[in-house]
Amino acid sequence: MSIKKYLLFLLLGFLFVAPVAHAAIAFDNEKTSVYAASGVSTTTYTMGSGANGVLLVWNEDGGGGDPQTVTASGTALTKIIAGSGGAAFGISLWCLASPPTGSIIVKVSSTAQIYYSEISYTGVQSCTLDGSASSTGSATAGTNSITPSHTNTWMTSYAENESTASWTATSTPTGSVLRGNSGEFGDMSMVDSSGTIANGSAYKQGFTFSASTAYGIVSATLIPYAAAPAGPPNLDYQFAANLKLTGNAIFR
C-alpha cells in the first residue's frame, strides 16, 4: 500500500471512531439517618446492582469534628467535601465508587456525636464532583446554587437544621425530589434533582424549615459515567512491515 493511500485510509478510520458513550445517572437508594453519641456506629445499607454506582455518606458532626473513618463492608470511603455547613456543626461528604451490591455494612468512626445519612446513584463517573456549594445561617429557609460545567449532571444536597424541622424541598428550575426526611431529631434531609440539569446554567436547591435556627446546607453535582471511546477500525497493519529505514529509500 502506498503512503498516500494509507494516510487516506487512516484519516477515514478516525472519522468513523465511535463517540464517547455516556450513561444516565439514576437514583438508587437512601437511608436517613443514623445517630451515634461517639465511637463506631454501624448500619446496614442496600445497594442496587446498576452499573457505575456510587455510595455517598453525608455526615453532620454535631460540632465535634469530621469522622475519622467511614467504611462500607470493609472498604474505606474517600472524604470529598470536608467540614462545610456552619459554625455549630460541620457537614462532610464521603464517597465510594463501585461499591459492592446488595447488603452493605456501613461503619462511621467518630470521637464525638455524629449523625449520618446514606444515598446512592448509578451511572456516575467515580467520586469526582462537577462542583459543590455550602451555606449556613439562622433563618426559616436556605438555598445553594451550582452552575455545572459538565453535561447531564445531577445535583444533590444535604441539610441540617437545629430544630425539629418540617422540611420542604425547593429548586429553581423545579424538579428536585426529597429523598430522606428523618433522623434522631427529625432535623436532617437529602434532596436531588431527580434528573439532569442544564450545563452552564445555575441550578438552585433549598429547604424551608419550621423554625428560624442555625442551619447548614451542602450540595454537590455528580458527573455521568462516560465510557472510553472505541478505537479506530482495523487498519492495514502490514503497512509497518513495508517501511524501509535504510538509506534514502524510506518507503517502497
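Here goes a summary of the coordinates provided.

Rules of the game
- Residues numbered from 1 in each chain as written.
- Predicted model: local features only at pLDDT ≥ 70, side-chain atom pairs only at ≥ 80, totals over all residues.
- Heavy atoms only, no water.
- Pairing = 2+ DSSP bridges.
- Helix = DSSP H or I, 4+ residues; strand = E, 2+ residues; numbered from the N terminus.
- Axes fitted to C-alpha atoms, helices over the stretch in contact; angles between N-to-C directions.
- Phe/Tyr/Trp six-rings, centres within 6.5 Å; stacked < 30°, edge-to-face > 60°.
- 1 Å grid on protein atoms, 1.4 Å probe; cavity = no way out; pocket = protein on both sides within 12 Å on 5 of 7 lines; lining within 4 Å.
- Points joined across faces, edges and corners; volume = space filled by probe spheres on them.
- Nonpolar A, V, L, I, M, F, W, Y, C, P; charged D, E, K, R; others polar.
- Salt bridge = Lys/Arg side-chain N within 4 Å of Asp/Glu carboxyl O.
- Buried < 20%, exposed > 50% of the residue type's maximum accessible area, 1.4 Å probe, protein only.

Let's shift gears to the sheet that holds strand β10 (residues 114–122). In space, the 5 strands of this open sheet follow the order β2-β10-β4-β8-β7, with antiparallel pairing throughout. The open sheet terminates on both sides in strands that have one partner only, identified here as β2 (26–36) and β7 (78–84). Pairwise comparison of adjacent strand axes, ignoring direction, gives a mean angle of 15 degrees for this sheet. Pairing analysis gives 7 bridges linking strand β4 (residues 54–60) to strand β8 (residues 91–97), with the strands arranged antiparallel. Counted as the bridge partner of Leu-56 is Cys-95 from β8.

The strand order β3-β9-β5-β6 describes an open sheet built from 4 strands, whose pairing is antiparallel. Each end of this open sheet is capped by a strand with a single partner; those strands are β3 (39–47) and β6 (75–76). Across 9 bridges, the pairing between β3 and strand β9 (residues 102–110) is antiparallel. Across the sheet, Val-40 pairs through a bridge with Ser-109, a residue of β9.

Right, let's talk about the packing of aromatic side chains for a bit. A complete count under the given rule lists 4 aromatic pairs for this structure. When the centroid spacing of 6.1 Å and the interplanar angle of 75 degrees are considered together, the rings of Phe-27 and Tyr-121 count as edge-to-face. Placement of the pair is Phe-27 in strand β2 and Tyr-121 in strand β10, with a sequence separation of 94 residues. Where Trp-58 meets Tyr-158, the ring centres are 5.5 Å apart and the plane angle is 10 degrees; that geometry is what we call stacked. Of the two residues, Trp-58 sits in strand β4 while Tyr-158 sits in strand β12 (residues 154–161), which places them 100 residues apart along the sequence.

Let us look at empty space enclosed by the protein. Space left empty within the atom packing is revealed by a probe, the size of a water molecule, rolled over the atoms. Considering all chains together, one arrives at 1 cavity of 30 Å³ or more under this definition. The space that makes up the largest cavity amounts to roughly 30 Å³. Every residue lining the largest cavity is listed: Leu-56, Ile-80, Cys-95, Val-124, Ser-126, Cys-127, Thr-128, Leu-129 and Leu-222. Examining the composition of the lining of the largest cavity, we find that 5 residues originate from one element, strand β11 (residues 124–146), more than from any other. Broken down by class, the residue content of the lining of the largest cavity amounts to 7 nonpolar, 2 polar and no charged.

Turning to the pattern of salt bridges, a few remarks are in order. Under the counting rule described, the total for this entry stands at 1 salt bridge. Note that Arg-179 and Asp-192 form a salt bridge whose closest N and O atoms lie 2.8 Å from each other. Of this pair, Arg-179 sits in strand β14 (residues 177–182) while Asp-192 sits in strand β15 (residues 188–192), placing them 13 residues apart in sequence. Judged by its relative accessible area of 16%, Arg-179 falls in the buried class. Assessed through its relative accessible area of 0%, Asp-192 is described here as buried.

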